[in-house]
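This is what each chain is made of:
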Amino acid sequence: MRVEDSQPLISHLMELRDRLLRAIIFVAVVFCALVYFANDIYHFVASPLIDVLPSGASMIATNIATPFFTPIKLTAVVAVFLSVPYLLYQVWAFVAPALYQHEKRLIYPLLFSSTVLFYLGVAFAYYVVFPLVFGFLTKTAPAGVAIATDISSYLDFVLTIFLAFGVCFEVPVAIILLCWTGVTTPEDLKGKRPYIIVAAFIIGMLLTPPDIFSQTLLAIPMWLLFEVGVIFARFYRPREDEETQ
């Protein structure tokens, strides 16, 4: 490889390093700003369960260090969660110079909408799914069984649900990208609607607790978001069609 050819690669790697460093520093600053409120953040996340626990019941910590490390772990996740817009900006700034002007106009709304949809998925899980699911599960315990959820196990559970709903709410963006790249078309997707609905309920069954409420609360939004994605995919023509114009 000639020295002239290696220069662009080196400059790209240096830019990538700088943007990764900025992203890490930004997340670290947000974490440092939030770590003082780590216990308050955990209490907020645990409120949907605490509010429906039977009288006299409480959450527990089964390990000595769990009461300290679990809120810190949650705070680190929240710091990344709140930093997503800045992280996406760094990704956008790195790849934008390699995109055509019409691709920039198409991808920028997708980046914005994917962020909003992920936040909406997490909010939906917290404000709608958790109260219903925890209210149901805490009332199904057999007689004589005390409900005392470990705080670390609870955190792992809610983070999994948050991620499941956040990712599943990205369905419109995924559909638009599939249509834009020519993998499928809105017409084909409309013809496969019955299979999509069945798949949504299967995904809801696999990603949520084993109760009909949470499965349905994930499947129905996925189906509705599928319909939204099909509608907006009509405005994103396949890339081959755009390049021929």
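Reading the values: the criteria
- Residues numbered from 1 in each chain as written.
- Predicted model: local features only at pLDDT ≥ 70, side-chain atom pairs only at ≥ 80, totals over all residues.
- Heavy atoms only, no water.
- Helix = DSSP H or I, 4+ residues; strand = E, 2+ residues; numbered from the N terminus.
- Contact = heavy atoms within 4.5 Å.
- Areas by Shrake-Rupley, 256 points an atom, 1.4 Å probe, with all protein chains shown as cover.
- Core = buried A, V, L, I, M, F, W, Y, C linked by side-chain atoms within 4.5 Å.
- Buried < 20%, exposed > 50% of the residue type's maximum accessible area, 1.4 Å probe, protein only.
- Phe/Tyr/Trp six-rings, centres within 6.5 Å; stacked < 30°, edge-to-face > 60°.
- UniProt positions renumbered as here; feature names shortened; annotations may be inferred.
- Axes fitted to C-alpha atoms, helices over the stretch in contact; angles between N-to-C directions.
- Left-handed = near helix turned anticlockwise from the far one by under 90°.
- Nonpolar A, V, L, I, M, F, W, Y, C, P; charged D, E, K, R; others polar.
- Polar contact = N/O pair within 3.5 Å; in protein donor to acceptor, adjacent residues only side chain to side chain.

**Q** What exactly am I supposed to notice about the overall build of the protein chain here?
**A** Secondary structure assignment for the protein chain yields 11 helices and zero strands. If you list the helices and strands of the protein chain from N to C, you get α-α-α-α-α-α-α-α-α-α-α. Taking the intrachain contacts of the protein chain between residues at least 6 apart in sequence as the baseline, contacts between residues at least 24 apart amount to 83%. Split by element, the accessible area of the protein chain, about 14,600 Å² in all, is 72% carbon and sulfur.

**Q** Explanation requested: the nonpolar core in the structure shown.
**A** Nonpolar side chains in soluble globular proteins generally cluster together in the buried interior. Of all hydrophobic cores here, the largest spans 48 residues; its most connected members are Tyr42, Met59, Leu74, Tyr154, Val158 and Phe162. The contact partners of Val158, leaving out residues within four places of it in the chain, are Val45, Phe130 and Phe134.

**Q** Would you mind showing me how to read the packing of aromatic side chains here?
**A** Aromatic ring pairs: the centre-centre distance and the angle between the two ring planes describe each pair. Using the criterion set out here, one finds 16 aromatic pairs in the structure. With a centroid separation of 4.6 Å and an interplanar angle of 65°, the aromatic rings of Phe81 and Tyr119 are classed as edge-to-face. In this pair, Phe81 is assigned in helix 3 (residues 66-82) and Tyr119 in helix 5 (residues 101-137), connecting sequence segments 38 residues apart. Accessibility expressed as a relative area gives 25% for Phe81, which makes it partly exposed. Residue classification places Tyr119 among the partly exposed positions, given a relative accessible area of 24%. Ring plane angle 45° and centroid distance 6.0 Å describe the contact between Phe134 and Phe157, whose orientation is recorded as tilted. Linking Phe134 in helix 5 with Phe157 in helix 6 (residues 151-168), this pair joins segments that are 23 residues apart in sequence. Judged by its relative accessible area of 28%, Phe157 falls in the partly exposed class.

**Q** Teacher, can you tell me more about the UniProt feature "transmembrane region" (unreviewed entry) in the protein chain here?
**A** In the numbering adopted here, UniProt assigns the feature "transmembrane region" (unreviewed entry) to residues 20-38, 74-95, 116-137, 157-183, 195-212 and 218-236. Summarising residues 20-38: 84% helix, 0% strand, and an end-to-end C-alpha distance of 25 Å.

**Q** Explain helix 7 (residues 171-180) to me, please; I cannot follow it from the model alone.
**A** Every α-helix carries 3.6 residues per turn, so stepping three or four residues along brings you back to the same face. Of all the 10 residues making up helix 7, seven are buried; the element is thus mostly covered by neighbouring parts of the structure. Taken as a whole, helix 7 has its buried residues at Val171, Pro172, Val173, Ile175, Ile176, Cys179 and Trp180.

**Q** Quick question: what am I supposed to make of the environment of Tyr119 here?
**A** Sequence spacing of Tyr119 and Val167 is 48 residues, and the spatial spacing of their C-alpha atoms is 9.8 Å. When neighbours within four sequence positions are excluded, Tyr119 is seen to be in contact with Phe81, Leu82, Val84 and Pro85.

**Q** Teacher, can you tell me more about the environment of Leu132 here?
**A** Inspection of the secondary structure assignment puts Leu132 in helix 5. When the C-alpha positions of Leu132 and Ser214 are compared, they lie 7.8 Å apart, and in sequence the two are 82 residues distant.

**Q** Help me understand the packing of helix 7 against helix 10 (residues 212-233), please; the structure alone is not making it clear to me.
**A** Helices that pack against each other are described as a pair by the angle of their axes relative to one another and the distance between those axes. Remark: helix 7 packs on helix 10, axes separated minimally by 8 Å, with the N-to-C direction vectors making an angle of 35°. For helix 7 against helix 10, the interelement crossing comes out right-handed. On helix 10, the residues that touch Val171, Pro172, Ile175, Ile176 and Cys179 of helix 7 are Met222, Leu225, Phe226, Gly229, Val230, Phe232 and Ala233. Partitioning the contact of helix 7 with helix 10 into residue classes produces 11 nonpolar, one polar and no charged.

**Q** Please clarify how the side chain of Gln90 should be interpreted in this entry.
**A** As for its position among the elements, Gln90 is in helix 4 (residues 84-95). On the accessibility criterion, Gln90 (5% relative accessible area) is buried. Among the polar contacts made by the side chain of Gln90, one reaches the side chain of Arg19 at a distance of 2.8 Å. Apart from residues no more than four positions distant in its own chain, Gln90 is found in contact with Arg19 and Arg22.

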